[in-house]
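Each chain, letter by letter, is given below.
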Amino acid sequence: MTSTGRRSFLAAVAGAFLCPFVSSAEPAAPALMLAGKYHPGLDLGAYWVSEKYDGVRGYWDGKQLWSRGGERLNPPAWFTEGWPAEPMDGELWAGRGRFEHASATVRQLQPDDTAWRQMRFMVFDLPAHPGVFDARLQAYQSLLARLNLSWVVAVPQQRVESHEALQRQLRSVVRAGAEGLMLHRGDSLYRAVRGEDLVKLKPFDDAEARVLAHLPGKGRHAGRLGALEVETPEGLRFRLGSGFTDVQREHPPALGTWVTYRYRGLHDSGLPRFATYLRERPDFKPPQANSPR
């Protein structure tokens, strides 16, 4: 081996020992409980009900705040100062109808202090607690009462007696600007799966798809976006042509961006019926990259 070759070999060996953790892999997403969809027939007496907050899922691991997808978040130091070592699961929320503010705030690499002062961390579970949700509910309420910070809020939970009462509550919160309701089974352990231990109830269905192309508009939309060609995580492709503001048609979501759309049921082909654009979803990762369904 030449001297040049020996130097290259030694450098490679040294690099392997000195930098064993360097990787280009994406950060691992936290193992969070995921919500299924509500359906009539659930034993409502077993569930607690809360508002579904339209924000960005946040996970506090006891030292650092993370997104659902595994991105490290960078709030101002005061926002998490004094937080407990106990992991907390919640929603970073800026208020009803203010998803765009919440999303833009948490994505900033350099935190905007003014923007973060409009944020709340709405805590609804303790992932490391060994008990069932009935016990975890009492535990997170007690924990946050001791913490006593106005921007870290224990999500209120209540019982409902019937499907009709649940629908009345849904209509009430939606009229007030909420996204919907969450139902959490009281006798369930915290498990990082999607199922009936945690379910969501909204007045419409929604899902995510990735932007593949910008299709040009016609008529009054000539010269700007007419529709997005999108693809679901399952590989189904379709077009989203409605639901956009004029500003969004002038500046559409970038190619590769994940977006949320609303729809009313599915065709036999599996494609959504009456799909309309709702918003960008920068924190979304497809199920196989996120956690088991």
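Each chain carries its own residue numbering, running from 1 in the written order of its sequence. Note on the predicted model: pLDDT of at least 70 is required for a residue's local features to be given, and 80 or more for side-chain atom pairs to be given and counted; whole-chain, interface and lining totals, by contrast, use all residues. Think of the side-chain values as coming from all heavy atoms in the structure, minus any hydrogens and water.

Another aspect to go through is helix α3 (residues 99-107). Buried within α3 we find F99, H101, A102, S103, T105 and V106. What makes two residues a contact is simply this: any of their non-hydrogen atoms within 4.5 Å. Helix and strand assignments come from DSSP, with helices taken as H or I runs of at least 4 residues and strands as E runs of at least 2, each series counted from the N terminus. Its buried side turned inward, α3 meets β3 (56-60), β5 (88-93), α4 (113-116) and β14 (276-280). Buried means the residue's accessible area, taken with a 1.4 Å probe over protein chains only, is under 20% of the maximum for its type, while exposed means over 50%, and partly exposed covers the values in between.

Strand pairing within a sheet occurs via backbone hydrogen bonds; the two strands may be parallel or antiparallel. Each pair of strands is called paired provided DSSP finds at least two bridges between the two strands. Read from one edge to the other, the open sheet built from five strands follows the order β12-β11-β10-β13-β14, with strand pairing classed as antiparallel. Of all strands in the sheet, those bounded by a partner on one side alone are β12 (237-240) and β14. Across the sheet, the mean angle separating the axes of adjacent strands is 45° when strand polarity is ignored. Across four bridges, the pairing between strand β11 (residues 225-231) and β12 is antiparallel. Bridge pairing in β12 links L228 to L240. In this analysis an axis means a line fitted to C-alpha atoms, helices contributing only their contacting stretch, and an angle means the value between N-to-C directions, from 0 to 180 degrees.

Let us now look at helix α5 (residues 133-147). A rise of 1.5 Å per residue sets the reference length of α5, with its 15 residues, at 21 Å; its end C-alpha atoms lie 20 Å apart and thus fit the reference within 8%. Burial in α5 covers these residues: F133, R136, L137, Y140, L143, L144 and L147. What you see down the axis of α5 is that its buried residues fit within an arc of 135°, all on one side. Of the residues in α5, the exposed ones pointing more than 90 degrees away from the buried face are Q138, A145 and R146. Lining the buried residues of α5 we find β2 (47-52), β5, β6 (120-125), β7 (152-154) and β8 (180-185). Positive phi appears at N148, one or two residues downstream of α5, with a value of about 55°. A helix is expected to reach a length of 1.5 Å times the quantity of its residues less one. The arc in question is formed by the directions pointing from the helix axis toward the C-beta atoms.

Before going further, it helps to spend a moment on the nonpolar core. Core analysis: the biggest nonpolar cluster contains 33 residues, and F79, W83, M88, L92, M119, F121 and V152 have the highest contact counts within it. Excluding residues within four positions of it along the chain, W83 makes contact with W60, L65, M88, F121, L147, L149, W151 and V152. Each nonpolar core is a collection of buried residues, namely Ala, Val, Leu, Ile, Met, Phe, Trp, Tyr and Cys, held together in the definition by side-chain atoms within 4.5 Å. Formed by 15 residues, the second largest nonpolar core is a distinct cluster that contains L42, V160, L166 and L201.

Time to look at the pairing of β6. Within β6, five of the six residues are buried, leaving the element largely enclosed by the surrounding structure. Bridge analysis of β5 against β6 gives five bridges, and the strand direction is antiparallel. Bridge pairing in β6 links G90 to V123. Looking at chain direction, β6 and β7 are connected through three bridges and run parallel. Note on β7: the bridge partner recorded for F121 is V152. Crossover connection from β6 via α5 to parallel β7: handedness right-handed. Seen with its strands pointing away from the viewer, a crossover is right-handed when the path leading from the first strand over the helix to the second is clockwise.

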